[in-house]
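So you can see what is in the structure, the chains are spelled out below.
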Amino acid sequence: MTFLSFLQHWGACSMSSLTRLPWHSILSPLNRERGLSAPSTLLEWGVSELSAPHMRLLPHSRFFKYEYFNAVLINERDKDGNFLELGKEFILAPNDHFNNLPVNISLSDVQVPTNMYNKDPAIVNGVYWSESLNKVFVDNFDRDPSLIWQYFGSAKGFFRQYPGIKWEPDENGVIAFDCRNRKWYIQAATSPKDVVILVDVSGSMKGLRMTIAKQTVSSILDTLGDDDFFNIIAYNEELHYVEPCLNGTLVQADRTNKEHFREHLDKLFAKGIGMLDIALNEAFNILSDFNHTGQGSICSQAIMLITDGAVDTYDTIFAKYNWPDRKVRIFTYLIGREAAFADNLKWMACANKGFFTQISTLADVQENVMEYLHVLSRPKVIDQEHDVVWTEAYIDSTLADDQGPVLMTTVAMPVFSKQNETRSKGILLGVVGTDVPVKELLKTIPKYKLGIHGYAFAITNNGYILTHPELRPLYEEGKKRRKPNYSSVDLSEVEWEDRDDVLRNAMVNRKTGKFSMEVKKTVDKGFRCGALQRPWEIFLPRECNY
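So, here's what we can say about the structure. (Residues numbered from 1 in each chain as written. Predicted model: local features only at pLDDT ≥ 70, side-chain atom pairs only at ≥ 80, totals over all residues. Heavy atoms only, no water.)

What to know about the nonpolar core
One finds Tyr68, Trp167 and Trp184 to be the most contacted residues of the largest nonpolar core, which totals 55 residues. Every element with two or more residues in this core is listed here: α4 (121-129), α5 (133-143), β5 (150-154), β6 (159-162), α6 (183-189), β15 (389-390), β17 (404-416) and β18 (428-437). Top contributing element to this core by residue count: β17, with seven residues. Residues within four places of Trp184 in sequence aside, it is in contact with Tyr151, Gly153, Phe159, Cys179, Val389, Thr391, Thr410, Ala412 and Val431. By size, the runner-up hydrophobic cluster in this structure holds 36 residues, among which are Ala234, Ala253, Leu268 and Tyr372. (Core = buried A, V, L, I, M, F, W, Y, C linked by side-chain atoms within 4.5 Å. Buried < 20%, exposed > 50% of the residue type's maximum accessible area, 1.4 Å probe, protein only. Helix = DSSP H or I, 4+ residues; strand = E, 2+ residues; numbered from the N terminus. Contact = heavy atoms within 4.5 Å.)

This is the structure in structure tokens:
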């Protein structure tokens, strides 16, 4: 069984590649010679979901006590020399395969975000049944010692990682890492989506409510990935686009755009009267117009409403734009402790296949925002869509070789509950994934088939480079400093001869076959310039054995 033997939708959801020979001929030797079929067991664990044999639930007894290896507390002792609770002895030994980091290759351990209670029953129960992954992790590594990190990110927030390693808090004693905000989790857990965020900036939102509202918007942005498109509109008596230059459209939720919008959130001030009807009309029109242009995700559409109340249900607006198909989901976030207008917001969410939640404090923001991901994942769960995603190339800061930090890509897929009593509800349990060094892919390319001037490269479905000879993520000096946005380098930035984006668009749109493109080439040591036809061939890795 091979690593990607479960890729029913490979071509549509992962990466395109361009080279002068079939991609499967590149990756087949990797499968045969290096044994990289092993992670298939990890992905099989995700594909088979979790039925009764896997999903062991804790006994319903208040006397039952279960402890796990908490990645922060392991090997920690109290002042009397006793191991802390959840911090039992966990043997760690340096391993040269993991850059001599002290790891435990026999067990995984569990990281829980600082803002979550590490003995919460939902987390403890999830950690308990996910222990079945220990054997899968170990067996994978035994069969393929070239594997790096393997992990399971739970929808409840905990992160099971193999090999086990100790996590150290920052200087403030905080570990901010939440697996549910990582690109690999977001892309695997939900389909691409178009989102309009509406923020109430009427006078009643002054003070702490406005602070909570801004943090809620920021947390929503954290859950958006490169496959998503969004815009943010503030409203009172009038509409105020957070970025005035982007009226009436949506932008890709890449890192640069999200940071740009975050900077503009500080300019929001509460005053006036909230006119939600004009905001809803604008949001529906944007989504409709953007969808008709063929841009955006074309999969899921949503309106996120952040307010301290609504005086009406606005059913006439929903009847005009959204019923009976209900293609746009409405997610409502009630800010503050008062519940006077909660019923209206609940009705709006339920009548439009969304979700309602109330956020009273800053500590409530992240967990409440995450709830919408469960709703958007339900169609995938019910339809049993097991899309495997590949992220763009990135640097793993914990690993390095004699040439510097290692360039990686993550392969991930969702894990669903298959229990009879939960299947119809579409419950996402989390995302399982593993890291693949890009150099392992490059080793398999038979360069003699490319010719003296030929080369192979691959991009993601967004046009970002996964591997390319011209991808240089580090500054030359010292070879330690990363270039800004090194992980989102577009193909057009390195293939400058593709002036009209013919090559890039063909790869993003998954067009295969051979074609040629006229390029300029200097001859006679640069004294003359001539035109020549350069051949290209594009393949989709549908039949890849990796």
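So much for the structure itself; the text now carries on.
As for the packing of helix α7 (residues 208-222) against helix α8 (residues 255-265)
Orientation of α7 relative to α8, taken along the N-to-C sense of each, is 180°, at an axis distance of 11 Å. The angle between α7 and α8 places the two elements in the roughly antiparallel class. Residues Lys214, Val217, Ser218, Leu221 and Asp222 of α7 lie in contact with α8, whose contacting residues are Lys258, Arg262 and Leu265. (Axes fitted to C-alpha atoms, helices over the stretch in contact; angles between N-to-C directions. Parallel < 35°, antiparallel > 145°, perpendicular 65-115°, else oblique.)

Structural notes on the sheet that holds strand β2 (residues 93-95)
Neighbouring strands of a sheet are bound in pairs by backbone hydrogen bonds; such pairs are parallel or else antiparallel. If you walk across this open sheet you meet the three strands as β2-β3-β7, and the pairing is antiparallel. Sheet topology places β2 and β7 (164-165) at the edges, where each strand pairs with a single neighbour. Of the pairings in the sheet, the one linking strand β3 (residues 101-104) to β7 comprises two bridges and is antiparallel in character. Paired with Val103 across the two strands is Ile165, which belongs to β7. (Pairing = 2+ DSSP bridges.)

Re the packing of aromatic side chains
Taken as a whole and assessed by the stated rule, the structure comprises 23 aromatic pairs. Considering the side-chain rings of Phe98 and Phe141, the 5.9 Å spacing of their centres and the 40° angle between planes classify their relative orientation as tilted. On the criterion of sequence distance, the pair formed by Phe98 in the loop between β2 and β3 and Phe141 in helix α5 is long-range, its members being 43 residues apart. There is no split in this pair, since Phe98 and Phe141 are both buried. Ring-pair connections join several aromatic residues into one group, and the members of that group are Tyr151, Phe159, Trp167, Phe177, Trp184 and Tyr185. Taking the ring centre of Phe69 as reference, the NZ or CZ of Lys88 above it sits at 4.8 Å. Between Lys214 and the ring centre of Phe269, over which it is positioned, the NZ or CZ distance is 5.9 Å. (Phe/Tyr/Trp six-rings, centres within 6.5 Å; stacked < 30°, edge-to-face > 60°. Lys NZ or Arg CZ within 6 Å of the ring centre and 35° of its normal.)

Looking at unusual backbone geometry
Residues Tyr162 and Pro163 are joined by a peptide bond in cis, for which omega reads -5°. Tracing the chain through its elements places Pro163 in the loop between β6 and β7. Here the bond from Trp323 into Pro324 is cis, since omega is 5°, no more than 30 degrees from zero. By secondary structure assignment, the location of Pro324 is in the loop between α10 (315-321) and β13 (328-335). Here Asn99, not a glycine, exhibits a phi torsion of approximately 60°, which is positive. Its place among the elements puts Asn99 in the loop between β2 and β3. Exposure remark for Asn99: the relative accessible area of 35% places this residue in the partly exposed category. If you check the backbone angles, Tyr314 has positive phi at about 55° while not being a glycine. As for its placement among the helices and strands, Tyr314 is situated in the loop between β12 (300-307) and α10.

Regarding the side chain of Asn344
With respect to the secondary-structure elements, Asn344 resides in helix α11 (residues 342-350). A polar contact is formed between the side chain of Asn344 and the backbone oxygen of Ala310, at a distance of 2.7 Å. Excluding anything up to four places from it in sequence, Asn344 contacts Ala310, Val311, Asp312 and Thr313. (Polar contact = N/O pair within 3.5 Å; in protein donor to acceptor, adjacent residues only side chain to side chain.)

Brief notes about the pairing of β6
What you see with β6 is no split at all: Phe159 and Gln161 on one side and Arg160 and Tyr162 on the other are buried throughout. Where strand β4 (residues 109-111) meets β6, three bridges bridge the pair, whose relative direction is antiparallel. Following the sheet pairing, Val110 is matched in β6 by Arg160. Relative to β6, β5 runs antiparallel, the two being bridged by four bridges. If you follow Phe152 over to β6, its bridge partner there is Arg160. Counted between consecutive antiparallel strands, the loop separating β5 from β6 contains four residues, among which Gly157 sits at a positive phi close to 115°.

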